[in-house]
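Chain residues, written in single-letter form:
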Amino acid sequence: MQGTQTRYSQLFGKTLRNFPTDETSKNAKFLIKAGFINKRIAGVYEILPLGKRVVSKIENIVREEINAIGGQEVSMSVLQPKELWSETDRWEKLKGAMYQFKDSSGKDVGLGFTHEEPMISMVRERISSYKDLPIYLYQIQSKFRDEPRPRSGLIRGREFLMKDLYSFTTSKEELDKYYEIVAKAYKKAFDRMGLDTVYTEAAGGVFTNENTHEFQVLTDGGEDTIFHCENGDFSENKEIAKVKEGGKCPKDGGKIKESRGVEVGNIFRFGDVMSKKMNFNFKDKDGKDKPIFLGSYGLGITRSMATIVEVHSDDAGIIWPETVAPYKIHLINLGGEKVRKESDSIFDKLCNDQVEVLYDDREESAGVKLADADLIGLPERWVVSEKTLKEDSVEVKKRSEKDIRLEKISSI
RNA sequence: CGGGGAUUGGCGCAGUGGUAGCGCGCACGGUUCGGGACCGUGAGGUCGGCAGUUCGAAUCUGCCAUCCCCGACCA
């Protein structure tokens, strides 16, 4: 666990003077320039200390919401054997999309693309009675997908962090019920991290033939196209859409709009399809074997971080919602030794109060420090200078607002 | 996987045949101190890789790699 306060002079991952030229997406440009992430290869990014704090906050919000609906956290292996995936024929189906290779002994192995098979396998080994169901397991872990063309920074990568939840229930009714519960929990989690989502019907791809639902955040930086009602009660992904821009909403007759969106979450009902293929049953009250119903629910952690940046920023930089900001306060001292001493003691005070504060204690010009504060985008900027000290105050400015106010040092 | 563009110090760039330069950053000294300050000194690159043409290649040719964009794909 990282400390709640950091001196910027000690922080690894300082801001860059220029935007990276090999990125065009807003999220990648800002996150790299501001020192949150580092690009390794196409579609693969490393998370620096500032970014790690944001990721942790998003993870914790998601954890809280999933724990609240009965989820139990586990950690599955990333490295997986071919045999497991062959049980559902997905080893073949996912050729070219899943990283598959041979280990030194010639055995076929792959990197986790998703985790239905290993999850089922693990539960299959340990659950056999209706008394043990339902059960809800989730993890937060890196997923690997061999994207033919990664793009849009963290929105579409080849290695990314995802929260994946799996529900194991005894019937379709129970699955449907939980599906709705997850949908509500997702909505709440996204709300908490500052993302407005549109609940959108979509296709299941190689996951399932049944329709699924996506949580779409409307932004031009998105890669999906959705058709949705202006009243917000209806939305379909382009791939299955039966309506068109300007058409009428089948629910309330409202106007249909076409928008770009980022799919930050996606929920699936597998039903008993996988269970039948994998001989995944439970013993019911009547003593008979019945298939376990599976639901699968994904939520992109790093993709959410990127989407937050797409949605919450201005020309100067990121504007983090308070719930996911790496720190709450960006403390800056402008001026000589006297100012430094004062700001040092304000920093100490904030530390004692366990306030999350990033203290830019560098000997840099005002322009550099202020520009960096805008770029990094913490919710509040506190400036200490000769000017504010004359009033025994610090200047407080919210990143999202223009207003500046003076706060008496004695009241901190 | 098709089409297009790019690759030169940490970052951003210039250099179109004669043996590499600028800005920023970095290090040291000094002056500054409310919106990316200034002066001085200094470190740092065999120009993505391999092969070729040439007396001579960052520069020309071929192949390869990597990155970006458009499309296909998107589980």
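Everything numeric here is computed off the predicted structure, so don't read it as measured data. In this numbering scheme, every chain counts its residues from 1 along its sequence in written order. Chain letters and ligand numbers both follow the written order, the letters beginning at A and the numbers at 1. Per-residue local features of the predicted model are confined to residues with pLDDT of at least 70, and side-chain atom pairs are confined, for both listing and counting, to 80 or more; whole-chain, interface and lining totals are unaffected and use all residues. Excluding hydrogens and water, the side-chain figures rest on all heavy atoms present in the structure.

K.L.:
I would appreciate a short explanation of the nonpolar core in the present structure.
P.N.:
Soluble globular proteins tend to bury their nonpolar side chains together. To define a nonpolar core, start from buried Ala, Val, Leu, Ile, Met, Phe, Trp, Tyr and Cys residues and group those joined through side-chain atoms within 4.5 Å. Summary of the burial criterion: residues with accessible area below 20% of their type's maximum are buried, those above 50% are exposed, and those between are partly exposed, where the area comes from a 1.4 Å probe applied to protein chains only. Formed by 58 residues in total, the largest nonpolar core has its most connected members in Phe36 and Trp320. Note on conventions: DSSP H or I runs of at least 4 residues are helices, E runs of at least 2 residues are strands, and numbering of each starts at the N terminus. When residues of this core are assigned to their parent elements, the largest contribution, nine residues, is made by helix α6 (residues 172-192). Note: domain ranges come from an automatic or database domain assignment. When residues are assigned to domains, this core turns out to be shared by domain 1 (5-314) and domain 2 (329-411), each giving three or more. By definition in these notes, contact holds between two residues if any of their heavy atoms fall within 4.5 Å. Once you skip the residues sitting within four places of it in the chain, Trp320 turns out to touch Leu31, Phe36, Val54, Met305, Ile308, Val309, Ala325, Pro326, Ile376, Gly377, Leu378 and Pro379. Ile120, Ile127, Tyr166 and Phe280 belong to the second-largest nonpolar core, a separate cluster that totals 24 residues.

K.L.:
Just to check I follow, could you spell out the environment of Glu23 for this structure?
P.N.:
Within the secondary structure, Glu23 is located in the loop between β1 (5-7) and α1 (26-33). Through-space distance from the C-alpha of Glu23 to that of Val62 is 28 Å; in sequence the pair is 39 residues apart. In contact with Glu23, not counting residues within four places along its chain, are Ala28, Lys29, Ile32, Lys39, Tyr45 and Gly153. Pairing of N or O atoms within 3.5 Å defines a polar contact, subject to two protein rules: one partner must be a possible hydrogen donor and the other a possible acceptor, and residues neighboring in sequence count only if both atoms are side-chain atoms. A polar atom in the side chain of Glu23 sits 2.8 Å from the side chain of Tyr45.

K.L.:
Would you mind showing me how to read the packing of α1 against helix α8 (residues 301-311) here?
P.N.:
The axes of two packed helices give the description: the angle between them and the distance between them. Direction vectors running N to C along α1 and α8 enclose 100 degrees, while the axes themselves pass 8 Å from each other. By the angle class used here, α1 and α8 are roughly perpendicular. For the pair α1 and α8, contact is made by Lys26, Asn27, Phe30 and Leu31 and by Met305, Ala306, Val309 and Glu310, respectively. We call Asp, Glu, Lys and Arg charged. Ala, Val, Leu, Ile, Met, Phe, Trp, Tyr, Cys and Pro are nonpolar, and the rest, Gly among them, are polar. Split into classes, the residues belonging to the contact of α1 with α8 amount to five nonpolar, one polar and two charged. Helix axes use the C-alpha atoms of the stretch in contact, all axes being lines fitted to C-alpha atoms, and the angles between their N-to-C directions lie in the range 0 to 180 degrees. When an angle is under 35 degrees it counts as roughly parallel; over 145 it counts as roughly antiparallel; between 65 and 115 it counts as roughly perpendicular; any other value is oblique.

K.L.:
Can you help me understand the domain arrangement of chain A in this one?
P.N.:
Assigned domains within chain A: domain 1 (5-314) and domain 2 (329-411). Taking only C-alpha atoms into account, the centre of domain 1 sits 39 Å from that of domain 2. The interface of domain 1 with domain 2 comprises 16 residues on the first partner and 18 residues on the second. Two parts placed together each lose some accessible area under a 1.4 Å probe, and adding up what both lose gives the buried area. Surface buried jointly by domain 1 and domain 2 totals about 1,500 Å² across both partners, of which 55% is contributed by carbon and sulfur atoms. Salt bridges are identified by distance alone: a Lys or Arg side-chain nitrogen within 4 Å of an Asp or Glu carboxyl oxygen. Counting across the interface, domain 1 meets domain 2 through five salt bridges. Residue Arg53 pairs with Glu356 through a salt bridge whose shortest N-O separation is 3.1 Å. Taken together, the connections running from domain 1 to domain 2 amount to ten residue pairs in polar contact (both at pLDDT 80 or more). Contributing elements (two or more residues each) for the side of domain 1 that touches domain 2: β1, α1 and α2 (49-68). The class makeup of the residues in the side of domain 1 that touches domain 2 is five nonpolar, four polar and seven charged.

K.L.:
Would you explain the packing of aromatic side chains in this entry?
P.N.:
Each aromatic ring pair is specified by the distance between its two centres and by the angle formed by the two planes. Side-chain rings of Phe, Tyr and Trp (the six-membered ring for Trp) are treated as a pair once their centres are within 6.5 Å; stacked means planes under 30 degrees apart, edge-to-face means over 60, and tilted covers the remaining angles. Applying the stated criterion across every chain, the model contains twelve aromatic pairs. Where Phe168 meets Phe280, the ring centres are 5.7 Å apart and the plane angle is 90 degrees; that geometry is what we call edge-to-face. Residue Phe168 is found in strand β9 (residues 159-169), and its partner Phe280 is found in the loop between α7 (273-278) and β15 (281-283); the two are separated by 112 residues along the sequence. Geometrically, the ring pair formed by Phe190 and Phe215 is tilted, given 5.8 Å between the ring centres and 40 degrees between the ring planes. Of the two residues, Phe190 sits in helix α6 while Phe215 sits in strand β11 (residues 212-218), which places them 25 residues apart along the sequence. For the pair Phe190 and Phe215, one class covers both residues: buried. The structure contains a cluster of three or more aromatic residues connected by ring pairs, namely Tyr136, Tyr178, Tyr179 and Tyr297. Between the NZ or CZ atom of Lys14 and the centre of the ring of Tyr8, over which it lies, the distance is 5.4 Å. The ring of Phe19 has Lys33 lying over it, and the distance from NZ or CZ to the ring centre is 4.6 Å. Each ring is checked for a lysine NZ or an arginine CZ that lies within 6 Å of its centre and within 35 degrees of its normal; such an atom marks a charge sitting over the ring.

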